[in-house]
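Spelled out from the first residue to the last, the chains are:
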Amino acid sequence: MIRTLQEVFNRAVENLYFQVTTYLPPLLVAILILLVAYALARSIRWLLLHAFKGLAADRFLEESGLSSLFARAGRLRAAALLATFVYWAIFVIAALTALNVFDTKLTSQIVEGTVFLFPKLLTAGAILLAGVWLGHYFGRSVLLWACNEELPRPRLLASLTRTVIVFVAVVVAADALNFARNVFLASFIILTGAAALAASLAFGLGGRRAFEDYLERRSHSRAETGKSFFQHL
Amino acid sequence: MPGDPASLLPAEALSAVTSIRGADIVIGIPSYNNARTIGHVVYAAHAGLAKYFPQFTGVIVNSDGGSRDETRDIVLSSRFPDAHVLMVSTPLKPVHRLSFPYHGIPGKGSAFRLIFQMAESLGAKACAVVDSDLRSITPEWIELLIRPVLHNGYDFVAPYYHRHKYDGTITNSIVYPLTRALYGQRVRQPIGGDFGVSRDLVSRYLSRQDWETDVARYGIDIWMTTIAVAEGFRVCQSFLGAKLHDAKDPGADLSAMLHQVVGSVFALMQEYSGVWSTRSGSHDVDLFGFRYDVGLDPVEVNLDRMKNAFRNGCEQLSEIWAIALQPDTLAAILQLGRVFSSPFHLEDSLWVRVIFEFASAIQRKPIERMHLLKSLTPLYLARVASFVEETRTMTASEVEQRIEELCLSFEEGKPYLTALWAGKPLPHLSPRAPQSEPPGLEVSKS
């Protein structure tokens, strides 16, 4: 009995020893990698923030409207953007390296998946960024048009425009990622179809008369404008 | 030959140039559905050439934007009234009348381009352009626009009219004060629409590459004036009396008109920043013609509509204005948007800051250009409403004095613009004290 217990105990110790000798060094190495990466990422971020002025890139951010898109006060700086990007890039690379140290099937799959997914993520990110920018741009165009034409609820029209464009960008980005492709496509088609049908019904049944009145009022007011406003030039 | 103006002409115009061979004077008339008025303009041009320039070969060129009425037929078929009725001598040289449709972007600028190409191809010494909707044009206009070029060596003759105090509000509130402050020359009607131009200046216009921009549309007038004053061409004005013309197309979009004119001013500011940043103050420009008072068409105004458009802008567009305006300027504008009782007053120094800050923002953020320009419409309407309230009981000369004060505010605020443009710390821009005596605006030369 004692002998059996001793054998079990020895096996447990051996297992523990095996597990400790197998996993502890990689774990320590992984922690070390993460610590070094953290220190490196922070140092590089500090360096980029203090040494890199990025004047040309700042000008691009301001001229392209990206600055005012993401920072309300328009103070998005290229150096800060780059520093944050590099910081997280170093951290992700370090995390993948740390996972790779364990050399197991699961960690290999995670690393492989992430590496393969990365270009797609970048593409989807670019698509989303372009979509948000376009949505913002066309939303503003609609807001200005509606406001200058004295249409009712210009902000609502602008928000609708922005939402539609961003939604299209999300569908395209999801398609690029192979993520819930069918769900997004189906919902896009359903929503577009429903919007078109609703607009047709509203226009055909309820809005026709209102639209006629609106056009009549508008042409009348324009004729008056020509008569009584200004020779602006 | 590339760059040869004749090679750019439509076939129909090229064949006319070949058959006429040459001309001393070209009178251009851009048109679009002006059948009602263009006959009178052609008569006046014809009579002007016959009466004042009988020894010169003259060509009247109608550059048409695809009129669907009888505009072109009237130009080509109308007969010159008996010379003795008009008390003019029979021209020693013929006056040709031509009418062509222009190609390219529809707009006044594209029409002007064809006229200038014709003038250069014909080797004209002087070219004048007059609007086709004028009701007040007389043969003397042709003399006043052409003679300074032919006999006095001027390159650019700008019009000088008497206009109703509420007529030409883009000119009075933005274009005249800004152009004067920038380039230092007091051209009172920089976007008047009727001009005289020398051969050298015609060549300079045609050599430029920006014909396909806003210049092709409403931007053409300020583009012509700015090039003349910024590039050192000799500039003068001619007093033409009253400008009475058909009401603008009621469908014409004010926002588009403002956008194209002001957009052209701002674009030219970028091109000529090296010129205007070194100039300060302003001086009179020679004025030809006998000045007299004239009766003017009344102009009715709709103040409430303008104020409502501005208040609506305050509610909807403050986020876009914030891209261009400094925080204190924006706060002052939004404060004005909360004023519902009279007096509704947008003071000069605030208006100067608005225009300078927009000009500077458009230079810094070209992608936002269109949005910023379009968002200027409610602010412009606020300025017009303020001007109307303020000048309601004023006489024409008092209103002119008021415009002069605005111009001086623009001139005094120029260091603010220069600092803003260069991204330097901004000087304080305080309201100027009103003047007690009207300044001498122009030197009249009859």
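Sequence order sets the numbering: in each chain, residues are counted from 1 along the sequence as written. Here the convention is simple: chains get letters from A, ligands get numbers from 1, in the order in which they are written. Where local features are concerned, this predicted model is filtered to residues with pLDDT of at least 70; where side-chain atom pairs are given and counted, the filter is 80 or more; whole-chain, interface and lining totals use all residues. The side-chain figures draw on all heavy atoms in the structure; neither hydrogens nor water molecules are used.

**Description of helix 16 (residues 396-412) of chain B**
Three- or four-residue spacings in an α-helix give side chains the same orientation, since the helix completes a turn every 3.6 residues. Residue and element names in this part refer to chain B. Helix length check: helix 16 (17 residues) gives 24 Å between terminal C-alpha atoms against 24 Å at 1.5 Å per residue, within 8%. Throughout, exposure labels follow a simple rule: accessible area from a 1.4 Å probe, protein chains only, divided by the maximum for the residue type, with under 20% read as buried, over 50% as exposed, and the rest as partly exposed. Comment: elements are numbered from the N terminus, with helices defined as DSSP H or I runs of at least four residues and strands as E runs of at least two. Across the 17 residues of helix 16, twelve count as buried, placing the element largely inside the fold. Every buried residue of helix 16 is accounted for by Val399, Gln401, Arg402, Ile403, Glu404, Glu405, Leu406, Cys407, Leu408, Ser409, Phe410 and Glu411. On the buried face of helix 16, the contacting elements are helix 7 (169-183), helix 14 (348-364), helix 15 (369-391) and helix 17 (414-422). Any helix carries an expected span of 1.5 Å times its number of residues minus one. Whether two residues are in contact is decided by their heavy atoms: any pair within 4.5 Å suffices.

**Comments concerning the side chain of Gln237 of chain B**
Residues and elements named next belong to chain B. For Gln237, the position within the fold is in strand 7 (residues 235-242). With a relative accessible area of 1%, Gln237 lands in the buried category. At a separation of 3.4 Å, a polar atom in the side chain of Gln237 contacts the main-chain carbonyl oxygen of Arg186. Once residues lying within four places of it in the same chain are set aside, the contact partners of Gln237 are Val157, Ala158, Pro159, Tyr160, Arg186, Val187, Arg188, Gln189, Val285, Asp286, Leu287 and Phe288. Nitrogen and oxygen atoms within 3.5 Å of one another constitute a polar contact, given that in protein one can donate a hydrogen and the other can accept it, and given that sequence-neighbouring residues count only through two side-chain atoms.

**Regarding the packing of helix 5 (residues 108-121) of chain B against helix 8 (residues 199-207) of chain B**
The relative placement of two packed helices is expressed as an angle between their axes plus a distance between the axes. All names here are of chain B. Here the axes come from fitting lines to C-alpha atoms, over the contacting stretch only for helices, and the angles between their N-to-C directions go from 0 to 180 degrees. Contact geometry of helix 5 with helix 8 gives a least axis separation of 10 Å together with a crossing angle of 125°. By the angle class used here, helix 5 and helix 8 are oblique. Where helix 5 crosses over helix 8, the handedness of that crossing is left-handed. Only Val202, Ser203, Tyr205 and Leu206 of helix 8 make contact with helix 5, whose side of the interface consists of Arg113, Phe116, Gln117 and Glu120. Gly falls in the polar group here, along with every residue not listed as nonpolar (Ala, Val, Leu, Ile, Met, Phe, Trp, Tyr, Cys, Pro) or charged (Asp, Glu, Lys, Arg). Here the contact of helix 5 with helix 8 is built from residues that sort into four nonpolar, two polar and two charged. Convention used here: angles under 35 degrees read as roughly parallel, angles over 145 as roughly antiparallel, angles from 65 to 115 as roughly perpendicular, and any remaining angle as oblique. Here is the rule for handedness: rotate from the far helix to the near one, and if that takes an anticlockwise turn smaller than a right angle the crossing is left-handed, while a clockwise turn gives right-handed.

**Comments concerning unusual backbone geometry**
Residue and element names in this part refer to chain B. In this structure, Arg21 is a non-glycine residue whose phi angle is positive, near 75°. Taking the relative accessible area as the measure of exposure, Arg21 reaches 71% and is therefore exposed. You will see that Asn33, though not glycine, has its phi angle at about 55°, which is positive. For Asn33, the location among the structural elements is in the loop between strand 1 (25-31) and helix 2 (35-52).

**A short note on the packing of aromatic side chains**
Pairing of aromatic rings covers Phe, Tyr and Trp, the last through its six-membered ring, and needs centres within 6.5 Å; plane angles under 30 degrees mean stacked, over 60 mean edge-to-face, and all others mean tilted. Taken as a whole and judged by the stated rule, the model has 22 aromatic pairs over all chains. A centroid spacing of 5.3 Å and a plane angle of 15° characterise the contact between Trp133 of chain A and Tyr137 of chain A, whose relative ring orientation is stacked. In this pair, Trp133 of chain A and Tyr137 of chain A both sit in helix 5 (residues 105-148), four residues apart, roughly one turn of the helix. Ring centres of Phe310 of chain B and Phe344 of chain B lie 5.8 Å apart, and the angle between their planes is 75°; this geometry places the pair in the edge-to-face category. Taken together, the residues span a long stretch of sequence, with Phe310 of chain B in helix 12 (residues 303-324) and Phe344 of chain B in the loop between helix 13 (327-337) and helix 14 at a distance of 34 residues. Residue Phe310 of chain B is classed as buried on the basis of its relative accessible area, which comes to 0%. Taken together, the ring pairs connect Phe112, Phe116, Tyr205, Trp211 and Trp223 of chain B into an aromatic cluster. Criterion for a charge above a ring: Arg CZ or Lys NZ at most 6 Å from the ring centre, at most 35 degrees from the ring normal. Of note, Arg234 of chain B hangs over the ring of Tyr154 of chain B, and the distance from its end group to the ring centre comes to 4.2 Å.

**Here we look at the nonpolar core**
Note that soluble globular proteins tend to have their nonpolar side chains buried in a common cluster. Residue and element names in this part refer to chain B. In terms of nonpolar packing, the biggest core is built from 118 residues, with Tyr205 and Phe266 touching the most fellow members. Element by element, the count of residues in this core is highest for helix 15, at eleven residues. Each of domain 1 (5-288) and domain 2 (303-439) gives at least three residues to this core. In this structure Phe266 touches Leu178, Ile355, Phe358, Ala359, Ile362 and Leu373, once residues within four positions along its chain are discounted. Here, the term nonpolar core denotes a set of buried Ala, Val, Leu, Ile, Met, Phe, Trp, Tyr and Cys residues that are joined through side-chain atoms within 4.5 Å. All domain edges in this entry derive from an automatic or database-based domain assignment.

**Focus on the confidence of the model for chain A**
Per-residue confidence for chain A gives a mean pLDDT of 80, with 81% of residues at or over 70. Known as pLDDT, the predictor's per-residue confidence is scaled from 0 to 100. Across residues 223-230 of chain A, confidence stays below pLDDT 50; counting only partners more than four residues off in sequence or on other chains, it has 20 contacts.

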